[in-house]
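Spelled out, the chains give:
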Amino acid sequence: MNGSTQESLPIVEKVEKSHSHEHTDHTHGHGESVHPHVHSEESLRRIVNRLSRIEGHIRGIKTMVQQNSPCPDVLLQIAAVRGALDKVARIVLDEHLTECIARAAQEGNMEVEIAQLKAALDRFLP
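Basis of the calculations
- Residues numbered from 1 in each chain as written.
- Predicted model: local features only at pLDDT ≥ 70, side-chain atom pairs only at ≥ 80, totals over all residues.
- Heavy atoms only, no water.
- Helix = DSSP H or I, 4+ residues; strand = E, 2+ residues; numbered from the N terminus.
- Axes fitted to C-alpha atoms, helices over the stretch in contact; angles between N-to-C directions.
- Parallel < 35°, antiparallel > 145°, perpendicular 65-115°, else oblique.
- Left-handed = near helix turned anticlockwise from the far one by under 90°.
- Nonpolar A, V, L, I, M, F, W, Y, C, P; charged D, E, K, R; others polar.
- Salt bridge = Lys/Arg side-chain N within 4 Å of Asp/Glu carboxyl O.
- Buried < 20%, exposed > 50% of the residue type's maximum accessible area, 1.4 Å probe, protein only.
- Expected span 1.5 Å × (residues − 1).
- Core = buried A, V, L, I, M, F, W, Y, C linked by side-chain atoms within 4.5 Å.
- Contact = heavy atoms within 4.5 Å.
- Polar contact = N/O pair within 3.5 Å; in protein donor to acceptor, adjacent residues only side chain to side chain.

- Looking up the protein in an unreviewed UniProt entry gives the name Metal-sensitive transcriptional regulator, with the organism given as Halotia branconii CENA392.

Here it is as structure tokens:
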């Protein structure tokens, strides 16, 4: 493991199909179900690949702790994971703004979507 938070993305052939996953079991604290999210297979694959790398990195940190690695080295790796998670969060937020918020604007339900985004950001941001 190195201290770099830069992740290389695999070259993925552009896929024209889209994948729909509905979040109707979550209410985000507003008592209303969330709209279905539709994102490209490429986008989903990119996010899942990043999360898989982060998952592996966390397992590596766990191994470092179990092997009594120096604390500064462990902290450096934790910082790398934080940076990688922040990058995934930025990607998800960007997708939400460009896809979901735009769709809500077209469908005329911006108030609900904005309220749900604000609630999520309140939990996400320190």
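Okay, back to it.
### Quick word on unusual backbone geometry
- One non-glycine residue, Asn 68, lies in the positive phi region at around 55°.
- Position of Asn 68 among the secondary structure elements: in the loop between helix 1 (41-66) and helix 2 (71-107).

### Overview of the packing of helix 1 against helix 2
- Running from N to C, helix 1 and helix 2 cross one another at 165°; their axes reach a closest spacing of 10 Å. In terms of axis orientation, helix 1 runs roughly antiparallel to helix 2. Crossing geometry of helix 1 relative to helix 2 is assigned as left-handed.
- Partitioning the contact of helix 1 with helix 2 into residue classes produces 16 nonpolar, three polar and five charged.

### Quick notes on the pattern of salt bridges
- Inspection of every chain in the model, using the stated rule, returns two salt bridges.
- Glu 95 serves as the salt-bridge partner of Arg 46, at 3.7 Å between the closest nitrogen and oxygen. Pair noted here: Arg 46 is in helix 1 and Glu 95 is in helix 2, with a separation of 49 residues, a long-range link.
- Look at Arg 46 and you get partly exposed, because its relative accessible area is 31%.

### Section: helix 1
- Under the 1.5 Å per step criterion, the end-to-end length of helix 1 is 37 Å for 26 residues, consistent within 8% with the ideal 38 Å.
- Among the residues of helix 1, Ser 43, Leu 44, Ile 47, Arg 50, Ile 54, His 57, Gly 60, Ile 61 and Met 64 are the ones counted as buried.
- Asn 68 occupies a position one or two residues after helix 1 and carries a positive phi of about 55°.

### Details of the nonpolar core
- In terms of nonpolar packing, the biggest core is built from nine residues, these being Ile 47, Ile 54, Ile 61, Met 64, Val 74, Val 81, Ala 84, Val 88 and Ile 91.
- Those elements giving two or more residues to this core turn out to be helix 1 and helix 2.
- Broken down by element, the residue count for this core peaks at five residues, all from helix 2.

### Examining the packing of helix 2 against helix 3 (residues 110-124)
- Here helix 2 crosses helix 3 at 165°, and the two axes come no closer than 9 Å. Between helix 2 and helix 3, the angle falls in the class roughly antiparallel. Considering the relative orientation of helix 2 and helix 3, their crossing is left-handed. The segment helix 2 lies against helix 3, with Ala 89, Leu 93, His 96, Leu 97, Cys 100, Ile 101, Ala 104 and Ala 105 engaging Met 110, Glu 113, Ile 114, Leu 117 and Phe 124.
- Considered class by class, the residues forming the contact of helix 2 with helix 3 number eleven nonpolar, one polar and one charged.

### Some remarks on the side chain of Gln 77
- If you trace the backbone, Gln 77 turns up in helix 2.
- What makes Gln 77 buried here is its relative accessible area of 5%.
- Here the side chain of Gln 77 touches His 57 through a polar contact of 2.6 Å, side chain to side chain.

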